[in-house]
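Take a look at the letters that make up each chain.
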Amino acid sequence: MKSIVLYSSLTGNTKQVAEAITSVLPAGTPCVDMKQLPADLADYDLVVAGFWVDRGTANAEARKVLETLNNKHVAIFATCGVPTQMPHARESLENAAKLLPEGVVPVKTFICQGKVDPQVIEMMYKMFPQGHAHGQSAERDARHKVAASHPNEDDLNAAKAFGQEVLAAVGQ
Ligand SMILES: Cc1cc2nc3c(=O)[nH]c(=O)nc-3n(C[C@H](O)[C@H](O)[C@H](O)COP(=O)(O)O)c2cc1C
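Treat the numbers as computed from the prediction; the structure is a model and nothing was measured. (Residues numbered from 1 in each chain as written. Predicted model: local features only at pLDDT ≥ 70, side-chain atom pairs only at ≥ 80, totals over all residues. Heavy atoms only, no water.)

In terms of helices and strands, the protein chain carries 6 helices and 6 strands. The order of α-helices and β-strands along the protein chain, N terminus first, is β-α-β-β-β-α-β-α-β-α-α-α. Whereas a compact globule of 172 residues would reach a radius of gyration of roughly 16 Å, the protein chain reaches 16 Å, a difference of no more than 12%. Dimensions along the principal axes, computed over C-alpha positions, put the protein chain at roughly 50 × 30 × 25 Å. The long-range fraction of contacts in the protein chain, counting pairs at least 24 apart against all pairs at least 6 apart in sequence, stands at 79%. Carbon and sulfur atoms form 52% of the exposed surface of the protein chain, whose accessible area is close to 9000 Å². (Helix = DSSP H or I, 4+ residues; strand = E, 2+ residues; numbered from the N terminus. Rg over C-alpha atoms; globule rule 2.2 N^0.38 Å. Contact = heavy atoms within 4.5 Å. Areas by Shrake-Rupley, 256 points an atom, 1.4 Å probe, with all protein chains shown as cover.)

Rendered as structure tokens:
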């Protein structure tokens, strides 16, 4: 079975998770930045595609790729700024899954938290007033502080477990 891991990553979180997943897939499985998509992508039996959450869905680069994945088996994963127990994390995965071609349902999904670029935090705090959902608050500061340590070892171990579950789901 031909497998590939694809990722889109701005600041490295999703790339790190992609590499953890790849480490448990069959030796030689490529782990490729979506900026360098292989020409023979359609020939892969399993595509494990990862993105960073941008406004509640996959980031733009990944959205374009997800829309084309007509492969036999597709699994998706992501990193996001919020704790994964928040509904926003699950909803972001669901929104991204809806971008897959009609009839393509991910065999497994995975999401973990990832640090948010401090420049983005600063920009949001400038853009939105205090009191606004995206504005500065003690709660928001605390959340970013927690996010700053992710993806951590537990996240990367969970990503590896996800990779193993994907293999089991496709009968490997
Ligand atoms: C422009 C922008 C929009 C974002 N939107 C969201 C969002 O809607 N929800 C969320 O949980 N995180 C959001 N984030 C946080 C990123 O998804 C998170 O930091 C992710 O781990 C970044 O992954 P990367 O290092 O692979 O680029 C956003 C980050 C940026 C830069």
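And the narrative resumes.
Another aspect to go through is a nonpolar patch on the surface. A contiguous nonpolar surface patch, about 270 Å² in accessible area, is contributed by Val120, Met123 and Met127. Along the chain, Met123 falls in helix α4 (residues 118-127). By relative accessible area, which is 45% here, Met123 ends up partly exposed. (Patch = residues over 30% accessible without salt bridge, like charges linked within 9 Å, V, L, I, M, F, W, Y side chains within 5 Å. Salt bridge = Lys/Arg side-chain N within 4 Å of Asp/Glu carboxyl O. Buried < 20%, exposed > 50% of the residue type's maximum accessible area, 1.4 Å probe, protein only.)

As for its placement among the helices and strands, Asn13 is situated in helix α1 (residues 13-22). Residue classification places Asn13 among the buried positions, given a relative accessible area of 5%. Side-chain polar atoms of Asn13 contact the backbone oxygen of Lys115, separated by 2.8 Å. The residues contacting Asn13, other than those within four sequence positions of it, are Thr79, Gly114, Lys115, His150 and Pro151. (Polar contact = N/O pair within 3.5 Å; in protein donor to acceptor, adjacent residues only side chain to side chain.)

Here α1 lies mainly inside the structure; 7 of its 10 residues are buried. Considered for burial, the residues of α1 that qualify are Asn13, Thr14, Val17, Ala18, Ala20, Ile21 and Thr22. On its buried face, α1 is in contact with β1 (3-7), β2 (31-33), β3 (46-54), β5 (73-80), β6 (109-113) and α6 (153-169).

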